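# Tertiary structure, described
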Amino acid sequence: MNGEVSQIPISKLQLKDVVLIRAGEKVPSDATVIEGASSFNEAAITGESMPVEKQIGDVLFGGSINNEGTIKAEISALYEDSSLAKILHLVEEAQETKTPTELFIDKFARYYTPAIMLFAVMIAFLPPLLFGADFSKWLYEGLAVLIIGCPCALILSSPVAIVSGSLVARKMVF
């Protein structure tokens, strides 16, 4: 404004505003270089690992980082319409939507996991309660069913293996 430099929030930027971008600062929104030259790190936007040299007339992507000199740029897109905002929107959208396979797995697990847990509890407790069978043997059998049938078998298998190994070692010592 009238040659004055002031900091304003990105949300207050308007089209055709001129911004000063110093070394190490991010480009606030898509813009065009109108004065100066510098290299910019566009890795977050384009995936390009090498800095890209920009001169007067070149387009800057919002979110890219100025590596060296100070430049002036004219805002060519409001933040909501910038490349960075579009990428963020696409990422959010992708995280919210699930593939048909993920939907099937979720639906399947909703019924399968409780069924396996119920089956394991029945294996562990019904023979000792109804037929007077050895409780420790059938508890072990119920845990085996749970480990084999549960989708989280890898998570459960390590502690159970440690406990089982400890019990076997204890029986050998005593």
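Sequence order sets the numbering: in each chain, residues are counted from 1 along the sequence as written. In keeping with the model being predicted, local features are shown solely for residues with a pLDDT of at least 70 and side-chain atom pairs are shown and tallied solely at 80 or more, while totals for entire chains, interfaces and linings include all residues. Side-chain measures here rest on the full set of heavy atoms in the structure, leaving out hydrogens and waters.

### Details of the overall build of the protein chain
From N to C terminus, the protein chain includes five helices and seven strands. Throughout, exposure labels follow a simple rule: accessible area from a 1.4 Å probe, protein chains only, divided by the maximum for the residue type, with under 20% read as buried, over 50% as exposed, and the rest as partly exposed. Counting the 174 residues in the protein chain, one finds 21% classified as buried. Taking all contacts inside the protein chain whose residues are at least 6 apart in sequence as the whole, residues at least 24 apart take part in 64%. Methods summary: accessible areas were calculated by the Shrake-Rupley approach with a probe of 1.4 Å, and residue burial reflects only the protein chains presented. Here the protein chain has roughly 12400 Å² of accessible surface; of this, 64% comes from carbon and sulfur atoms. Secondary structure elements are taken from DSSP: a helix is a run of H or I of four residues or more, a strand is a run of E of two residues or more, and numbering for both begins at the N terminus. Contacts are assigned to residue pairs with any non-hydrogen atoms lying within 4.5 Å of each other.

### Quick word on the pairing of strand β2 (residues 31-35)
Two strands form a pair only when DSSP identifies at least two bridges running between them. Inspection of the sheet shows β2 paired to strand β5 (residues 59-60) by two bridges, in the antiparallel sense. Looking across to β5, one finds that Ala31 is bridged to Leu60. As defined by bridge partners, β2 adjoins strand β7 (residues 71-75) across four bridges and the pair is classed as antiparallel. Opposite Thr32, over in β7, you have Glu74 as the bridge partner.

### Focus on the sheet that holds strand β6 (residues 65-66)
The antiparallel open sheet is built from three strands, whose spatial order is β4-β3-β6. Here the strands that pair on one side only, and so sit at the sheet edges, are β4 (52-54) and β6. In this sheet, β4 lies alongside strand β3 (residues 38-41) in antiparallel orientation, the contact comprising three bridges. Bridge assignment links Phe40 to a residue of β4, and that residue is Val52.

### Looking at the confidence of the model for the protein chain
Values of pLDDT, ranging from 0 to 100, describe the predictor's confidence in every residue of the model. Mean pLDDT over the protein chain stands at 84; residues scoring 70 or higher make up 89%. Per-element confidence in the protein chain is highest for β2, whose mean pLDDT is 95, and lowest for helix α5 (residues 153-173), whose mean pLDDT is 65.

### Some words on the layout of surface pockets
Of the voids in this model, the largest pocket is the one considered here, and its volume is about 760 Å³. With a 1 Å grid spanning the protein atoms alone, the term cavity applies to any set of points in which a 1.4 Å probe fits but cannot get out, the term pocket to an open set with protein on both sides within 12 Å along at least five of seven lines, and the term lining residue to any residue with an atom within 4 Å of a point. If you trace the largest pocket, you find 22 residues lining it, with Ser6, Ile8, Val18, Val19 and Leu20 closest to the centre. Considering each element in turn, the lining of the largest pocket owes the most residues, four residues, to strand β1 (residues 18-21). Think of it as three bins: nonpolar holds Ala, Val, Leu, Ile, Met, Phe, Trp, Tyr, Cys and Pro, charged holds Asp, Glu, Lys and Arg, and polar takes everything else, Gly as well. Within the lining of the largest pocket, the residues separate by chemical class into twelve nonpolar, three polar and seven charged. Grid points are joined across faces, edges and corners, and a volume is the space filled by probe spheres set on the points.

### Brief notes about the nonpolar core
Here is a general trend for soluble globular proteins: nonpolar side chains tend to be buried in one another's company. Within this scheme, the nonpolar core is defined by two criteria: the residues are buried Ala, Val, Leu, Ile, Met, Phe, Trp, Tyr or Cys, and they are joined through side-chain atoms within 4.5 Å. Leu13, Val19, Ile21, Val27, Ala31, Val33, Phe40, Leu60, Ile71, Ala73 and Ile75 together form the largest nonpolar core, which totals eleven residues. Among the elements of the structure, β1, β2 and β7 are those that each provide at least two residues to this core. The element that contributes the greatest number of residues to this core is β7, accounting for three residues. What Val27 contacts, discounting residues up to four positions off in sequence, is Ile21, Phe40, Leu60, Phe61, Gly62, Gly63 and Ser64.

### Quick notes on the sheet that holds β2
If you walk across this open sheet you meet the four strands as β1-β7-β2-β5, and the pairing is antiparallel. Looking along the sheet, the strands with just one partner apiece sit at the ends: β1 and β5.

### Looking at helix α4 (residues 135-149)
Multiplying 1.5 Å by the helix residue count minus one yields the expected span of that helix. For α4, built from 15 residues, the straight-helix expectation of 21 Å at 1.5 Å per residue is met to within 8% by its first-to-last C-alpha distance of 21 Å. Here α4 has its buried residues at Gly142, Ile147 and Gly149.

### Digging into the side chain of Asn66
With respect to the element layout, Asn66 can be found in strand β6. Accessibility expressed as a relative area gives 1% for Asn66, which makes it buried. One polar contact links the side chain of Asn66 to the main-chain carbonyl oxygen of Gly69, over a distance of 2.6 Å. Apart from the residues lying within four places of it in its own chain, the contact partners of Asn66 are Ile21, Arg22, Ala23, Gly24, Glu25, Ser38, Ser39, Phe40 and Ile71. Each polar contact in these results corresponds to two N or O atoms within 3.5 Å; when the atoms are within protein, one needs to be able to donate a hydrogen and the other to accept it, and residues that are neighboring in sequence are counted only if both atoms are side-chain atoms.

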